[in-house]
Every structure is written in structure tokens, then in C-alpha cells.
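Below, each chain spelled out in residue letters.
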Amino acid sequence: MSSLSQRIAGFIANLPHFQHDKLDGQFVAVRLTDGSIFVPVPESEDGDNGLLTVYWQGDPARKTSVVGASFASVEIVEACRYWVATGIHKELQEAVQFMFEHYKFKTGQNLKRESEYELVPESMQRLVKYLGPEIFKKFLGL
């Protein structure tokens, strides 16, 4: 059985702006637009949290760790924009929702929130609904 970070890297590598590759005998995803390499973090170090090590522009000196789910959601939207622009899909929102469900099927991890108010404490949800979520997003720096 593969770890969550391996499943995320495998999913990402199948998006149109990525390709599969191997680095030191390990499966990785490489972004075609800039050469950044996304490496699954070993399960013993990750605790099955879905972390990936990123070598920006393929440079081993410029590395960082990213949360795979956060990274995946951004890359899925980018792939869906490509598919809409090339006529493969008609509606961006439908394509994104489909890919989020496909991601969940492939990795077991859910990317979509049930509500835009999910991050707001219950005691403030009425106020957010009254004033509008955009005001609070700006206030929170989102």
C-alpha cells in the first residue's frame, strides 16, 4: 500500500502540466512549466499527513515542504483551466468539482469544504452571512 504523499504525487503527475519521473529511484512528479520536482515524503517522516518535498526549478538547494492537499487543489484548478481553454471541458466549476471527487477517489482525501463558512466559528457565522464572506476574507487576509 502506498502512503498518502505517494498517492498525491501520483495523482499530480497525471495532470497535463506534469510528468512522471524518478529521482534516486523514487517516483516523483515534475512540473513541465518550471521543472520543479515534487517528491513524496517518506511515511516514517510524514506520519501519513500527505507532505511533499519540492525542489523549486529542480534545484536541490532550493527545497521546501508543502501540504499535498493544498498544493493539489491549486494544481487541479490550473489543469481544469487548461481543459476549459482547450475545449475539453465546457464549465470550469464542473471540471473542478469532478477532479476534486476524482482526487478523493484516488487518494482518500477530501479537498472541498462543505461550506464557505466552515472556517468561521459558529458564534460568528450569522454575522459573516449578514456582512458577506468577502469582507471577512479580506479582513483575514485570504
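What counts and what doesn't
Residues numbered from 1 in each chain as written. Predicted model: local features only at pLDDT ≥ 70, side-chain atom pairs only at ≥ 80, totals over all residues. Heavy atoms only, no water. Helix = DSSP H or I, 4+ residues; strand = E, 2+ residues; numbered from the N terminus. Buried < 20%, exposed > 50% of the residue type's maximum accessible area, 1.4 Å probe, protein only. Areas by Shrake-Rupley, 256 points an atom, 1.4 Å probe, with all protein chains shown as cover. pLDDT = per-residue confidence, 0-100. Contact = heavy atoms within 4.5 Å. Phe/Tyr/Trp six-rings, centres within 6.5 Å; stacked < 30°, edge-to-face > 60°. Core = buried A, V, L, I, M, F, W, Y, C linked by side-chain atoms within 4.5 Å. Expected span 1.5 Å × (residues − 1). Arc of directions from axis to C-beta.

## Focus on the overall build of the protein
If you tally the helices and strands in the protein, you get 6 helices and 5 strands. Start at the N end of the protein and walk to the C end: the helices and strands fall as α-β-β-β-α-β-β-α-α-α-α. The burial tally for the protein puts 37% of its 142 residues in the buried class. Accessible surface computed for the protein: about 9100 Å², of which carbon and sulfur atoms make up 54%.

## Things to note about unusual backbone geometry
For aspartate 24, which is not a glycine, the phi torsion comes out positive at approximately 55°. As for its placement among the helices and strands, aspartate 24 is situated in the loop between strand S1 (18-23) and strand S2 (26-31). Although it is not a glycine, glutamine 57 adopts a positive phi angle of roughly 50°. By secondary structure assignment, the location of glutamine 57 is in the loop between strand S4 (51-55) and strand S5 (63-67).

## Thoughts on the confidence of the model for the protein
In this model, the protein carries an average pLDDT of 84, and 78% of its residues clear a pLDDT of 70 or more. Counting contacts from residues 115-119, a segment whose pLDDT is below 50, to residues more than four positions away or on other chains yields 7 contacts.

## Quick word on the packing of aromatic side chains
Ring pairs (aromatic) are described by centroid distance and by the angle formed between their planes. Applying the stated criterion to the full structure yields 5 aromatic pairs. Ring geometry for phenylalanine 18 and phenylalanine 71: centres 6.1 Å apart, planes at 85°, overall edge-to-face. Placement of the pair is phenylalanine 18 in strand S1 and phenylalanine 71 in helix H3 (residues 68-85), with a sequence separation of 53 residues. The pair formed by phenylalanine 18 and phenylalanine 71 is uniform in burial state, with each residue classed as buried. A ring pair is formed by phenylalanine 38 and tryptophan 56, whose centres lie 6.2 Å apart and whose planes are at 85°; its orientation type is edge-to-face.

## A look at the nonpolar core
Counting residues in each nonpolar core, the largest one holds 26 residues, and the members touching the most others are Ile12, Leu15, Ile76 and Tyr103. Counting only elements with at least two residues in this core, the list comes to helix H1 (4-13), S4, H3 and helix H4 (92-107). Top contributing element to this core by residue count: H3, with 7 residues. The residues touching tyrosine 103, leaving out its near neighbours within four places in the chain, are Ile8, Phe11, Gly68, Ala69, Ala72, Ile76, Gly108, Gln109 and Leu111. With 5 residues, the next largest nonpolar core counts Val30, Ile37, Val39 and Tyr55 among its residues.

## With respect to H3
Between its terminal C-alpha atoms H3 stretches 25 Å, which fits the 26 Å expected from 18 residues at 1.5 Å a residue. Within H3, the full set of buried residues consists of Gly68, Ala69, Phe71, Ala72, Glu75, Ile76, Ala79, Cys80 and Trp83. Each buried residue of H3 lies within a common arc of 165° when the element is viewed along its axis, so the set occupies one face. Turned more than 90 degrees off the buried face of H3, the exposed positions are Val74 and Ala85. Downstream of H3 by one or two residues, glycine 87 has phi in the positive range, about 85°.

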